[in-house]
Amino acid sequence: MYSFTNDYSEGAHPRILNALMESNLKQADGYGEDRYSRQAMEVLKKRIGRNDIDIHFLSGGTQTNLIAISAFLRPHEAAIAANTGHILGHETGAIEATGHKVISVEVSDGKLNPSHLQAVLKDHPDEHMVKPKLVYISDSTELGTIYSKSELEHLSKFCKENKLFLYMDGARLGSALSSRENDLDLSDLATYLDAFYIGGTKNGALLGEALVICRDSLKEDFRYSLKQKGALLAKGRLLGIQFLELFRDNLYFDLASHANKMASLLREAITQAGLGFLSDSSTNQIFPILPNSLIADLKAGYSFSFWKKIDSDHSAIRLVTSWATPEEAVSSFITKLNNQ
Ligand SMILES: Cc1ncc(COP(=O)(O)O)c(C=O)c1O
């Protein structure tokens, strides 16, 4: 049984484990003030091309979204997200539990645009309602789609004009930036966004996300928020060491490119078999629409998520590839698909 269920089914890339082993008995300061974390911050600043940003390492995606968003908002302020957004459907109401409403916007491709935001602002005209203040997007989105530079630029312009914060969940940022259709880079993100995170957990790290805060007013006291919410790890070095290794050279993007390549092999074979997709994904999550009988046959050898019923005979499934997906697993899946 091979799993295409997610991109965190394996441990960590061997280089990460080696880096942790090599540094294991070296003493370092606690709570992210160690030399590895400091160096990783410098390396990331260089990659992003900005010295005036703050970087914090956290352990997971929900934790990062929850701490960042609740730190950025005042009590009466709310976040806006696509109805597919991870913070709406998959984080147990973590944001709402901090007292902030998440306003859901119905979208078809996982992405928000200025007209969506305009409609939300129109629906929230005064102090009798929550005040929309932060726009939550993710790249790649929950449907594997990505933002283009011009889409992000337009969103950013609208947010600036309307005093909204623009925040990007980058759990799968490696895959998004490595997509053949992508025209964004890390420095664009710092230009257009107030904050974003670079996901490590789903791209070769044991665990860890790097939160980048670009807007000055959101930087102050962020370490207090981290500590108060239990995210300032005594052994913060473990996160710094991993990010240092991922960005020492091109490892981060090499791993994401591999995941994308495996997904694109699956996508091509599924297309050649005459089957369609729920979304136009060029990243490591794809959503083929298959006959239910074929899904049942594939289930005998592979695990993957059921995504959505399409009609009485067809459903969309989610196939996720990772930095560790062997090409043989992809080829044997394709053989099975073609032999049904
Ligand atoms: C886009 C996105 N954001 C956040 C998360 C949450 O990450 P974690 O499970 O590490 O809390 C996930 C996890 O699947 C995700 O896909």
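Conventions used here
Residues numbered from 1 in each chain as written. Predicted model: local features only at pLDDT ≥ 70, side-chain atom pairs only at ≥ 80, totals over all residues. Heavy atoms only, no water. Pairing = 2+ DSSP bridges. Helix = DSSP H or I, 4+ residues; strand = E, 2+ residues; numbered from the N terminus. Axes fitted to C-alpha atoms, helices over the stretch in contact; angles between N-to-C directions. Contact = heavy atoms within 4.5 Å. Disulfide = S-S within 2.5 Å. Buried < 20%, exposed > 50% of the residue type's maximum accessible area, 1.4 Å probe, protein only. Parallel < 35°, antiparallel > 145°, perpendicular 65-115°, else oblique. UniProt positions renumbered as here; feature names shortened; annotations may be inferred.

Backbone hydrogen bonds are what pair the strands of a sheet, in a parallel or an antiparallel way. Reading across from one edge, β2-β8-β7-β6-β5-β3-β4 is the order of the seven strands in this open sheet, with mixed pairing throughout. Pairing within the sheet leaves two strands with one partner each, and these edge strands are β2 (54-58) and β4 (102-105). The average angle at which neighbouring strand axes cross in this sheet is 25°, direction not considered. Note: strand β3 (residues 77-82) against β4, four bridges, orientation parallel. Of the residues in β4, the one forming a bridge with I80 is I103. Set on the sheet, helix α2 (residues 35-48) makes contact with β2, β7 (195-199) and β8 (209-213); between it and β2 the angle comes to about 125°. Sheet strands in contact with helix α3 (residues 61-72) are β2, β3, β5 (131-138), β6 (165-169), β7 and β8, and its direction is about 170° off that of β6.

Quick look at the state of the cysteines now. Simply put, the disulfide is a covalent bond whose two ends are the sulfur atoms of two cysteines. Applying the stated criterion to the full structure yields zero disulfides. Between C159, a cysteine without a disulfide, and C214, which holds the nearest cysteine sulfur, the sulfur-to-sulfur distance is 13 Å. Using a relative accessible area of 2% as the deciding quantity, one classes C159 as buried. The class of C214 is buried, set by a relative accessible area of 9%.

What follows deals with the packing of helix α5 (residues 114-123) against helix α6 (residues 149-161). In the contact formed by α5 and α6, the axes pass within 9 Å of each other and the chain directions differ by 25°. Accordingly, the angle class assigned to the pair α5 and α6 is roughly parallel. On the side of α5, the interface is formed by P114, L117, Q118 and L121, while α6 contributes H154, L155, F158 and C159.

Right, let's get into the UniProt feature "domain: Aromatic amino acid beta-eliminating lyase/threonine aldolase" (unreviewed entry) in the protein chain. Here, UniProt's "domain: Aromatic amino acid beta-eliminating lyase/threonine aldolase" (unreviewed entry) annotation points to residues 29-287. With 41% helix and 16% strand, residues 29-287 has end C-alpha atoms that lie 45 Å from one another.

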